[in-house]
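# Observations on the three-dimensional arrangement
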Amino acid sequence: MPIGAVVLLLCLAVAANAQTSLIPNGGFESGKPSFWTAEAGTSGAVLTWATDQVKGGTHSLKIVKAQTGAMARWISANNVRYWVENISKGVDIKVGAWVKTSGVNTNPTDDNGRWQIKAWFYDTTGALIDGVPFALNVDQSAASRDWYADTNGVASLNLPVDAYKMKMSAEAGPNATGTVWFDTFIFIGRAGAWAGQNWDGFVDVDQGWQYWIGPIGGNDGLSDFGGTGVTTEDKHLGNYSLKIVGNVGRDQNEAVVFTETIPIPANSKGKQYVVSAWVKANGMDIAQLADPQYAIGFTWTWHNKMWEDGNGWNEVGGGDYMFGITDSTTNGWRQYSAILTVPDSTVQAVSLRARAEHKWTGISY
Ligand SMILES: [Ca+2]
Ligand SMILES: [Ca+2]
């Protein structure tokens, strides 16, 4: 019994008007990765949120580029967001991604012909630190290479000043050709130093969603919930659901997949909302469900500001609705819901998390 999984979709509605969900993309139906934008350029390159080859989870970022003439890239949004408030200077940063190549041009003589991973750091004035991004070449010594971790060397990236904006990109230079998949992006301080965090580095959640997955959020390519991501394997409505996979015997950490902040009108103290999710999770170990560390469920967090890049987390309270699933044989979808009450008048927004507790495991659907 190696695999446990839960698939779900989330809904938030005002209690008196439960028909309209306030969560953008609560059903995981965007078909596009969170946090990453495809820039295909003018060479005819085709960029897809791919499922044909992945290093982990359910998706990778793929570039197919048959022609020279213009660059193409996937580029992230600003990683200085949520609880990351800057990228500290003086940290030995490890950066990169897992890469798989097929039929690329070999032995380019300059960056125009290279495939590269880049990290873009900006200072407090918005200027690009050092004037150029930190660039890491993809191995083009052979036309095709299976998945490998393409990372920088020790002491090769160490910011001279704090960064207040950081983007990552996966690029094909103007003269580069072939097919490359990028997955499991890496951004972490070496020797245990905190370097902030990159977001949706596994590229497995879709627009409007983010996650923290143990042991350390996903920053070094590590996941205690391998296989987690948006999937077409099963769904309650539409084409997609979110699958959270908990392997039996995994390390005891948690996984949370969270929404962006959702605005709450001013002076809403006492106003009630319904949060609900259709969940399917079967074959749970019923004998262990009395232990709350085996639960799944959802968490809400109240904020006194909407999230903005570099503007902090702004939490002013929250709560959980965790549940054990005991009908391990019915193999069906079930709706779980809770009523949230706005705790005070400083609240301006709420965010929601789907959550798997530290010991949660089950059997895949
Ligand atoms: Ca759906
Ligand atoms: Ca992935």
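Residues numbered from 1 in each chain as written. Chains lettered and ligands numbered in written order. Predicted model: local features only at pLDDT ≥ 70, side-chain atom pairs only at ≥ 80, totals over all residues. Heavy atoms only, no water.

### Topic: the environment of Val64
- In this structure, Val64 sits in strand β4 (residues 60-65).
- Accessibility expressed as a relative area gives 29% for Val64, which makes it partly exposed.
- Once the C-alpha coordinates of Val64 and Ala40 are considered, the two residues, 24 residues apart in sequence, prove to be 9.6 Å apart.
- Discounting chain neighbours no more than four positions away, the residues touching Val64 are Ala45, Val46, Gly178 and Thr179. (Helix = DSSP H or I, 4+ residues; strand = E, 2+ residues; numbered from the N terminus. Buried < 20%, exposed > 50% of the residue type's maximum accessible area, 1.4 Å probe, protein only. Contact = heavy atoms within 4.5 Å.)

### Considerations on the coordination of the calcium ion (ligand 1)
- The coordination sphere of the calcium ion (ligand 1), as far as protein atoms go, consists of Gly27 (O), Glu29 (OE), Leu237 (O) and Tyr240 (O), spread over 2.3 to 2.6 Å.
- Considered as a linear motif, the donors of the calcium ion (ligand 1) on their single chain read G-x1-E-x207-L-x2-Y. (Donors = N, O, S within 2.8 Å, 3.2 Å for Na, K, Ca; no water.)

### A look at the sheet that holds β4
- Sheet architecture is open: five strands sit in the order β3-β4-β11-β6-β9, paired in antiparallel fashion. Each having just a single partner strand, β3 (46-50) and β9 (145-151) make up the two edges of the open sheet. Averaged over all neighbouring strand pairs, the angle between strand axes comes to 25°, with direction disregarded. (Pairing = 2+ DSSP bridges. Axes fitted to C-alpha atoms, helices over the stretch in contact; angles between N-to-C directions.)

### Here's the deal with the pairing of strand β8 (residues 134-137)
- Side chains Phe134 and Leu136 project from β8 onto a buried face, and the interleaved Ala135 and Asn137 project onto a face without burial.
- As paired strands, strand β7 (residues 115-122) and β8 are joined by four bridges and run antiparallel to one another. Bridging across to β8, Ala119 finds its partner in Phe134.

### A short note on the sheet that holds strand β10 (residues 165-172)
- Strands sit in the order β2-β5-β10-β7-β8 across an open sheet of five strands; the sheet is antiparallel. The open sheet has two edge strands, β2 (36-39) and β8, and neither has a second partner. The mean inter-strand angle of the sheet, taken between neighbouring strand axes irrespective of direction, is 20°.
- One ladder, built from eight bridges, connects β7 with β10; its direction is antiparallel. Its bridge partner being in β10, Ala119 is matched across the sheet by Met168.

### Points about the side chain of Thr301
- Tracing the sequence through the fold places Thr301 in strand β18 (residues 296-303).
- Those residues in contact with Thr301, other than ones at most four positions away along the chain, are Trp313, Glu315, Gly317, Gly318, Ala349, Val350, Ser351 and Arg353.

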